[in-house]
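So the chains spell out like this:
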Amino acid sequence: MRSLFGFGTKTDDASAASKHSEKAAEDNTAAAAATATEKQPAQPAILPILSCPAPSDSSALQEIKPLNDDEQKVLDKIKADIPELIKDLPPIDPEAEKYIDPEVPLDIEGWLTDECLARYVRARKGVYEDTKKALRKTIEWRASVRPHALRPDVVELENRTGKMYFNGFDRFSRPVIYMYNHRQNTKDPDNQIRWVIYTLELCIRHMCPGVEKVTLAIDATQWGFSSSVSIGTAKKFLDILGNHYPERLGRAVIFMPPKFFVAFYSLVSPFIDPVTKAKVAFVNPNSPPTAQAVQQQQQQAEGSGSPWIAVEDCFDRDLLEKDCYGSWAFQYDHKTYWGAIESEFAELKAEMISRQNAASSQEETKQ
């Protein structure tokens, strides 16, 4: 089976690929890097947008489904359990320790906001024991892996070609993660997952008040299996997303999917969770609204349940990258983008240390 969102997968037999296949993969990587280099903008490079804008659509603040009475009772019980949930946390995993900045505080209590708890309650269908177990599992994972403390230098290689990155917001003020599968440039599955985690954490840090989800903008025009990751990597990614970032996907918009992609999706869509499937949409930016309506009817007739939508249903074209069929002249420039990433991480580190010191001072005052 292949992954749907630009993390396409190869069969497990790919691990035994011939030298010829390895050479082809290296050629693809070199070609992706060359393509990205050719597309580098004239100076000065356009800065990425990482700061929350004012919502262009008021419905952005209405996308979070309020808890019903029973779910609210579960949330209140979970809040009372917080001292138990954060007790006896595991130490930093020795392997994970190689990739984090140890000076960045953990701050689990700061992470356990009412909004965070509500996401877990909704994701576990309001079942108290399931919610409590899921939260404890994530708390232990965050304590041992420290995803928020991943160092930029660890994942810098992963995005030299601009294959996946956070840049700007959709019309509902959700952070947009652009995904260009054909720019794949690495083979280390663990570090690929670290970059996904880093990107998610970055998006979450810069979400507007009242917004909890991200939008994926996936360019499928050059989608192919040759630049895909393994089944094991895809499964690990989906496990992390489902268990540790529940209720974080707002929309996955696939631009210009080839016919074989749509056909493949139609085959696997019956096995996809209905909630997730409802968030997947296809876009042909060159089709007028009437054509979009026809495509949607055809797609629904095929039984996939994923509609064809217009670009404007999710994005402001003026703030959508040209490489993803928008009007914004942004082109990925690694030096410029990574400079912004490093500055953002330095500010995060300083802010978290400052909060930790302030909290320590308050505790000393109380004593």
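Look up: the structure comes first, before these words.
Residues numbered from 1 in each chain as written. Predicted model: local features only at pLDDT ≥ 70, side-chain atom pairs only at ≥ 80, totals over all residues. Heavy atoms only, no water.

> When you look at the pattern of salt bridges in this model, what are you seeing that I'm missing?
Pairs can form between side chains of opposite charge whenever their charged atoms are close. Here the structure, examined in full by the defined rule, presents 21 salt bridges. One salt bridge connects Glu95 with Lys98, and the closest N-O pair in it is separated by 2.9 Å. Note on Lys98: relative accessible area 51%, which makes it exposed. We note a salt bridge from Asp170 to Arg174, for which the minimum N-O separation is 2.7 Å. Residue Asp170 is classed as buried on the basis of its relative accessible area of 4%. The network of salt bridges with common partners includes Arg119, Arg122, Glu212 and Glu247. (Salt bridge = Lys/Arg side-chain N within 4 Å of Asp/Glu carboxyl O. Buried < 20%, exposed > 50% of the residue type's maximum accessible area, 1.4 Å probe, protein only.)

> Which parts of the structure should I look at to understand helix α6 (residues 128–145)?
Since there are 3.6 residues in each turn of an α-helix, residues three or four apart along the chain are aligned in direction. Taking 1.5 Å of rise per residue, 18 residues should cover 26 Å, and α6 covers 26 Å from first to last C-alpha, within 8% of that figure. By the burial criterion, the buried members of α6 are Tyr128, Thr131, Lys132, Ala134, Leu135, Arg136, Thr138, Ile139, Trp141, Arg142, Ala143 and Ser144. Remark: Arg146 follows α6 within two positions and exhibits a positive phi of approximately 55°. (Helix = DSSP H or I, 4+ residues; strand = E, 2+ residues; numbered from the N terminus. Expected span 1.5 Å × (residues − 1).)

> Teacher, can you tell me more about unusual backbone geometry here?
Excluding glycine, residues mostly have negative phi values, and the peptide bonds linking residues are mostly trans. Of note, Asp88 is a non-glycine position whose phi angle comes to about 55°, a positive value. Its place among the elements puts Asp88 in the loop between α3 (82–85) and α4 (108–111). Of the residues examined, Asp88 reaches a relative accessible area of 63% and is grouped as exposed. With a phi angle near 55°, Arg146 is a residue other than glycine that sits in the positive phi range. Residue position: Arg146 is located in the loop between α6 and α7 (152–155). On the basis of relative accessible area, Arg146 is assigned to the buried category, the value being 15%.

> How should the packing of helix α8 (residues 189–205) against helix α13 (residues 334–366) be read in this particular structure?
Packed helix pairs are characterised by how far apart their axes lie and by the angle those axes make with each other. Orientation of α8 relative to α13, taken along the N-to-C sense of each, is 65°, at an axis distance of 12 Å. When the interaxial angle is binned, α8 and α13 end up roughly perpendicular. Of the two elements, α8 crosses α13, and the hand of that crossing is left-handed. Seen from α8, the contacting residues are Trp195, Tyr198, Leu202 and Arg205; seen from α13, they are Tyr337, Trp338, Ile341, Glu344, Phe345 and Leu348. The class makeup of the residues in the contact of α8 with α13 is 8 nonpolar, no polar and 2 charged. (Axes fitted to C-alpha atoms, helices over the stretch in contact; angles between N-to-C directions. Parallel < 35°, antiparallel > 145°, perpendicular 65-115°, else oblique. Left-handed = near helix turned anticlockwise from the far one by under 90°. Contact = heavy atoms within 4.5 Å. Nonpolar A, V, L, I, M, F, W, Y, C, P; charged D, E, K, R; others polar.)

> Is there a simple way to think about the sheet that holds strand β4 (residues 214–219) in this case?
Neighbouring strands of a sheet are bound in pairs by backbone hydrogen bonds; such pairs are parallel or else antiparallel. Ordered by their spatial adjacency, 6 strands build an open sheet running β2-β3-β4-β6-β7-β8, and the pairing between neighbours is mixed. The strands lining the two open edges of the sheet, one partner per strand, are β2 (164–169) and β8 (308–309). As judged from the 2 bridges shared by strand β7 (residues 280–283) and β8, these two strands associate in the parallel manner. Residue Phe282 lies in a different strand from β8, and its bridge partner there is Trp308. Sitting on the sheet, α8 touches β2, β3 (175–180) and β4, and the angle it makes with β2 is about 15°. Its contacts with the sheet place helix α10 (residues 259–268) against β6 (249–255), β7 and β8, and it is angled at close to 160° to β7. (Pairing = 2+ DSSP bridges.)

> For this particular structure, what's the right way to read the environment of Asn243?
Following the sequence through the fold, Asn243 ends up in helix α9 (residues 231–244). Residue Asn243 is classed as buried on the basis of its relative accessible area of 18%. Discounting residues that sit within four places of it in the chain, Asn243 has contacts with Tyr120, Arg124, Lys137 and Thr138.

> Hey, could you run me through the state of the cysteines in this one?
Put plainly, a disulfide is one covalent bond tying together the sulfur atoms of two cysteines. Summed over all chains, the structure comprises 1 disulfide. Through a disulfide, Cys52 is tied to Cys208; the S-S separation comes to 2.0 Å. Looking along the S-S bond of the Cys52-Cys208 disulfide, the torsion reads about 125°, which is the right-handed sense. With Cys52 in the loop between α1 (19–38) and α2 (69–80) and Cys208 in the loop between α8 and β4, this residue pair connects regions lying 156 residues apart in the sequence. (Disulfide = S-S within 2.5 Å.)

> So what exactly am I meant to see when it comes to the packing of aromatic side chains here?
In this description, an aromatic ring pair is defined by two values, namely the gap between the centres and the angle between the planes. In the structure shown here, the tally under the stated rule is 16 aromatic pairs. Seen from their ring centres, Tyr332 and Tyr337 are 5.3 Å apart, and the 45° between their planes marks the pair as tilted. Residues Tyr332 and Tyr337 agree in their burial class; the two are buried. Clustering of aromatic rings is evident, with ring pairs tying together Tyr165, Tyr178, Tyr180, Trp328, Phe330, Tyr332 and Tyr337. In this structure, Lys77 is placed above the aromatic ring of Tyr128, and the distance from its NZ or CZ to the ring centre is 3.9 Å. Of note, Arg205 hangs over the ring of Tyr198, and the distance from its end group to the ring centre comes to 6.0 Å. (Phe/Tyr/Trp six-rings, centres within 6.5 Å; stacked < 30°, edge-to-face > 60°. Lys NZ or Arg CZ within 6 Å of the ring centre and 35° of its normal.)

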